[in-house]
Amino acid sequence: MLEQVALIVAALLVLIGAFFGLFAAIGLWRLPDIYTRMHSASKAGTLGSGLLLIALAVHAGDTSTVLRAAAGVIFFLLTAPISAHLLAKAAYAVGYPLTGESVRDEMKK
Amino acid sequence: MDAQAFLDWSVQIALVLLSISFLMTIGRVIVGPTLPDRVLALDLLVAAAIGFIAVLGIKTGFTLYIDIAIALGLVGFLATVAFARFILSRGMREDGTPACEPLTAEQSAKLSATNASSLVSPAEPVAMPKMGDHADA
């Protein structure tokens, strides 16, 4: 019984994670400039791969796999915001323009 | 439908969705239009590859793939940081427009101290356009 529940939970996590991965890629095409695309890539992309790693941990169930998957998720959650922030800061410092639909630029001097 | 069949079906669907996601992301790498867009798409490509590895681990039961996923995450992070530094130190955009307003005086001094200053033509007028003026660029 418990194995069945673990399989169903893993299957649902796989489905949700894959959909988030797809939504991140769709966002890369739908959003107008680099600063808005960063939302889709760094949030939805991280959530998608994190959910897929958690699904692998639920499916495998042995301690070493669970620990390694958790290490991967934590590492990814730590590094994704840093790299996205660095990239946005570099793009803004060099002067890549915001989309014309932007209503506010708080870093403007 | 029993649970194992549901999991197998989900894994197949997930592989299809992640493949579509791969293709769309690669399209953004090719189309651009700017360097940060391409770097961001490469970053997302690494995230999608990690998810793909996790799905393959469920499908084949070969969990050694997780180590590869962790190593890939590390490489992707370092690559994005290096590219961000490159964008910053290159100091200009694709159209050759030099870096303008948002650089602070301290940053500009640091930039001109390095060889990055050679990218900025000395013939450029001192009063460079503010960033908001580039909204149509």
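None of these values were measured; they are calculated from a predicted model.

Procedures and definitions
- Residues numbered from 1 in each chain as written.
- Chains lettered and ligands numbered in written order.
- Predicted model: local features only at pLDDT ≥ 70, side-chain atom pairs only at ≥ 80, totals over all residues.
- Helix = DSSP H or I, 4+ residues; strand = E, 2+ residues; numbered from the N terminus.
- Rg over C-alpha atoms; globule rule 2.2 N^0.38 Å.
- Buried ≥ 20, exposed ≤ 12 C-beta atoms within 10 Å, placed from the backbone.
- Contact = placed C-beta atoms within 7 Å.
- Nonpolar A, V, L, I, M, F, W, Y, C, P; charged D, E, K, R; others polar.
- Expected span 1.5 Å × (residues − 1).
- pLDDT = per-residue confidence, 0-100.

Turning our attention to the overall build of chain A. Scanning chain A for helices and strands turns up three helices and zero strands. Scanning chain A from its N terminus toward the C terminus, one meets helices and strands in the order α-α-α. In terms of C-alpha radius of gyration, chain A reaches 18 Å, well past the compact-globule figure of 13 Å for 109 residues. With the C-alpha coordinates of chain A rotated into their principal frame, the extents come out at 60 × 25 × 15 Å. Buried residues in chain A amount to 51% of all 109 residues. Taking all contacts inside chain A whose residues are at least 6 apart in sequence as the whole, residues at least 24 apart take part in 64%.

Scanning chain B for helices and strands turns up four helices and zero strands. Mapped from its N terminus to its C terminus, chain B presents α and β elements in the order α-α-α-α. Considering chain B as a whole, with its 137 residues, one finds that 34% of them fall into the buried category. Put simply, of all contacts in chain B between residues at least 6 apart along the chain, 56% involve residues at least 24 apart.

Turning our attention to the interface of chain B and chain A. Listed as interface residues are 57 residues of chain B and, on the opposing side, 55 residues of chain A. Among the secondary structure elements, those contributing two or more residues to the side of chain B that touches chain A are helix H1 (3–31), helix H2 (35–60) and helix H3 (65–90) of chain B. Looking at the side of chain B that touches chain A residue by residue, the classes come out as 37 nonpolar, 14 polar and six charged.

Moving on to the environment of Ile8 of chain A. Along the polypeptide, Ile8 of chain A turns up in helix H1 (residues 2–30). Distance in space between the C-alpha atoms of Ile8 of chain A and His59 of chain A is 9.3 Å, their sequence separation being 51 residues. Residues contacting Ile8 of chain A, with those up to four places away along its chain left out, are Ala3 and Phe6 of chain B.

Before going further, it helps to examine H1 of chain B. The terminal C-alpha atoms of H1 of chain B lie 42 Å apart, and with 29 residues this matches the ideal 42 Å at 1.5 Å per residue to within 8%. When we look at burial in H1 of chain B, the residues that qualify are Leu7, Ser10, Val11, Ala14, Leu17, Leu18, Ser21, Thr25 and Arg28 of chain B. Looking at the buried side of H1 of chain B, the elements it contacts are H1 of chain A together with H2 of chain B.

On to the environment of Leu87 of chain A. Residue and element names in this part refer to chain A. Positionally, Leu87 belongs in helix H3 (residues 63–94). Under the C-beta neighbour-count criterion, Leu87 is labelled buried, with 25 such atoms within 10 Å. Taking the C-alpha atoms as reference points, Leu87 and Tyr35, separated by 52 residues in sequence, lie 9.3 Å from one another.

Further remarks concern helix H2 (residues 34–60) of chain A. Residue and element names in this part refer to chain A. End to end, H2 covers 38 Å across 27 residues, agreeing with the expected 39 Å (1.5 Å per residue, within 8%). In terms of burial, H2 is largely enclosed, as 23 of its 27 residues are buried. Looking at the residues trailing H2, positive phi occurs at Gly61, about 80 degrees.

All names here are of chain B. Summary statistics for chain B give a mean pLDDT of 77 and a share of 67% for residues scoring 70 or more. Confidence over residues 114–137 falls short of pLDDT 50; this stretch has 29 contacts with residues more than four positions distant or in other chains. Under the prediction, the complex receives an ipTM of 0.90, its pTM being 0.79.

Residues and elements named next belong to chain A. Residue position: Ala80 is located in helix H3. The exposure class assigned to Ala80 is buried, which follows from the 25 C-beta atoms found within 10 Å. Sequence spacing of Ala80 and Asp33 is 47 residues, and the spatial spacing of their C-alpha atoms is 19 Å. Beyond its immediate chain neighbours, meaning those up to four positions away, Ala80 contacts Ser42 and Thr46.

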